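The primary structure of each chain is shown beneath.
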Amino acid sequence: MATASELKNKGNECFKTQRYPQAVDFYSQAIRADPKNETLYSNRAASYSCMGKHEEALADAKQCVVLKPEWVKGHFRQGVALFNMKRFPEAVTAFEKALSLEQGNDDIQNRLNDARRAMKHEADNRHPGTVRDPMECKKIGNTQFKEGKYEDAIGWYTRAIELSEANPNSPDTAIFYCNRAACHAQNHAYKSVVSDCDSAIALDANFSKAYLRRAMAFESLEKWQKACNDYKRVMELDPGASTASQGYHRCVEA
């Protein structure tokens, strides 16, 4: 009876000659012989990708990560499968993780760049109401924010908040509010900044970034005492926050 290594080698030969179904068969046999070998799942994922079976490729890539979480190939294979499934925000996350594990890898960097471009193109032509994943909305919102498209980003963060209504106490919901507040700040809509930061703080009483953004909004509204209180709270939560210290002193002297 052939060993897992022998079956893997046969699969590799089939892969090299683009006989992908046969490669899958050999890798599957090898997996049955050695089910905890992450390389076998990675190789089968590559074969599935070449066959256009992206869901199967993703399942194998995920198993790679389960078996060896810090192995670059598992995350890379996930990124490839997700990209091919047009799940671009998730692909970006997978490639970012892969690149963090193998910095300077040009292939991973190029794939990441492709995924980011695809995500940007999709975001530019997509409506928030069509997305059902709040974290995907957040990622698209972040992209829009970085590009200075603050109104578009507000729409995506608002959608993320709406989708989080089923789990309003999730720490992610506070982040969505705080991110939307940052957009309002760029638009000089300081009352809206305060409102969103109020919501974020109600969900997470120790969210220093929300206090900081609210403090800066209060300062812009010339509500000096409220700004002081928030800057002071930030310094309590993050003693090294120089921005809060500087803001506090400005408001005290105002």
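Residues numbered from 1 in each chain as written. Predicted model: local features only at pLDDT ≥ 70, side-chain atom pairs only at ≥ 80, totals over all residues. Heavy atoms only, no water.

(A) Expanded view of the overall build of the chain. Each helix and strand in the chain was counted, giving 14 helices and zero strands. The order of helices and strands in the chain, counted from the N terminus, is α-α-α-α-α-α-α-α-α-α-α-α-α-α. The globule rule puts the C-alpha radius of gyration for 254 residues at 18 Å, and the 24 Å found for the chain is more than 25% above it. Residue burial in the chain is summarised as follows: out of 254 residues, 43% are buried. The positive charge centre, built from 36 side chains, and the negative charge centre, built from 34, are 3 Å apart in the chain. (Helix = DSSP H or I, 4+ residues; strand = E, 2+ residues; numbered from the N terminus. Rg over C-alpha atoms; globule rule 2.2 N^0.38 Å. Buried < 20%, exposed > 50% of the residue type's maximum accessible area, 1.4 Å probe, protein only. Lys, Arg positive; Asp, Glu negative; His and termini not counted. Charge placed at Lys NZ, Arg CZ, Asp CG, Glu CD.)

(B) The layout of surface pockets, seen in detail. If you add up the space inside the largest pocket, you get close to 240 Å³. If you trace the largest pocket, you find it lined by V92, E96, R116, M119, M135, K138, K139, N142, T143, K146 and E147. When contributions to the lining of the largest pocket are tallied by element, the ones reaching two or more residues are α6 (88-101), α7 (106-124) and α8 (134-146). Among the elements that line the lining of the largest pocket, the one with the most residues is α8, at six residues. (1 Å grid on protein atoms, 1.4 Å probe; cavity = no way out; pocket = protein on both sides within 12 Å on 5 of 7 lines; lining within 4 Å. Points joined across faces, edges and corners; volume = space filled by probe spheres on them.)

(C) Looking closely at the nonpolar core. C137, A200, F207, A210 and Y231 are the most contacted members of the largest nonpolar core, which totals 31 residues. Those elements that place two or more of their residues in this core are α8, α9 (150-163), α10 (171-186), α11 (190-203), α12 (208-220), α13 (224-237) and α14 (242-253). If sequence neighbours within four positions are ignored, Y231 has contacts with L212, A215, M216, E219, T243, A244, G247, Y248, R250 and C251. A57, F88, A91 and L99 belong to the second largest nonpolar core, which has 22 residues in total. (Core = buried A, V, L, I, M, F, W, Y, C linked by side-chain atoms within 4.5 Å. Contact = heavy atoms within 4.5 Å.)

(D) Structural detail: the packing of helix α1 (residues 4-16) against helix α2 (residues 20-33). Viewed as axis vectors pointing N to C, α1 and α2 meet at an angle of 165 degrees, and their least axial separation amounts to 8 Å. As summarised for this structure, α1 and α2 are arranged roughly antiparallel, according to the angle between their axes. Seen along the crossing, α1 lies across α2 with a hand that is left-handed. Residues A4, L7, K8, K10, G11, N12, C14 and F15 of α1 pack against Y20, Q22, A23, F26, Y27, Q29, A30 and A33 of α2. Its residues assigned to classes, the contact of α1 with α2 comprises ten nonpolar, four polar and two charged. (Axes fitted to C-alpha atoms, helices over the stretch in contact; angles between N-to-C directions. Parallel < 35°, antiparallel > 145°, perpendicular 65-115°, else oblique. Left-handed = near helix turned anticlockwise from the far one by under 90°. Nonpolar A, V, L, I, M, F, W, Y, C, P; charged D, E, K, R; others polar.)

(E) Examining the side chain of E136 more closely. Residue placement: E136 occurs in helix α8. Ignoring anything within four residues of it in the chain, the contact list for E136 reads P89, E122, R126 and V131.

(F) Local environment of unusual backbone geometry. Within the chain, K86 stands out as a residue other than glycine whose phi angle is a positive 65 degrees. Relative to the helices and strands, K86 is located in the loop between α5 (72-84) and α6. Of the residues examined, K86 reaches a relative accessible area of 59% and is grouped as exposed. At E222, a residue that is not glycine, the phi angle is positive and equals roughly 60 degrees. When you line up the elements, E222 lands in the loop between α12 and α13. Overall, E222 belongs to the exposed group, its relative accessible area being 56%.

(G) Geometry of the packing of α9 against α10. Following both chains from N to C, one finds α9 and α10 inclined at 160 degrees, their axes separated by 9 Å at the closest point. The angle between α9 and α10 places the two elements in the roughly antiparallel class. α10 is crossed by α9, and the crossing has left-handed handedness. Residues Y150, A153, I154, Y157, T158, A160 and I161 of α9 lie in contact with α10, whose contacting residues are F176, Y177, N179, R180, C183, H184 and Q186.

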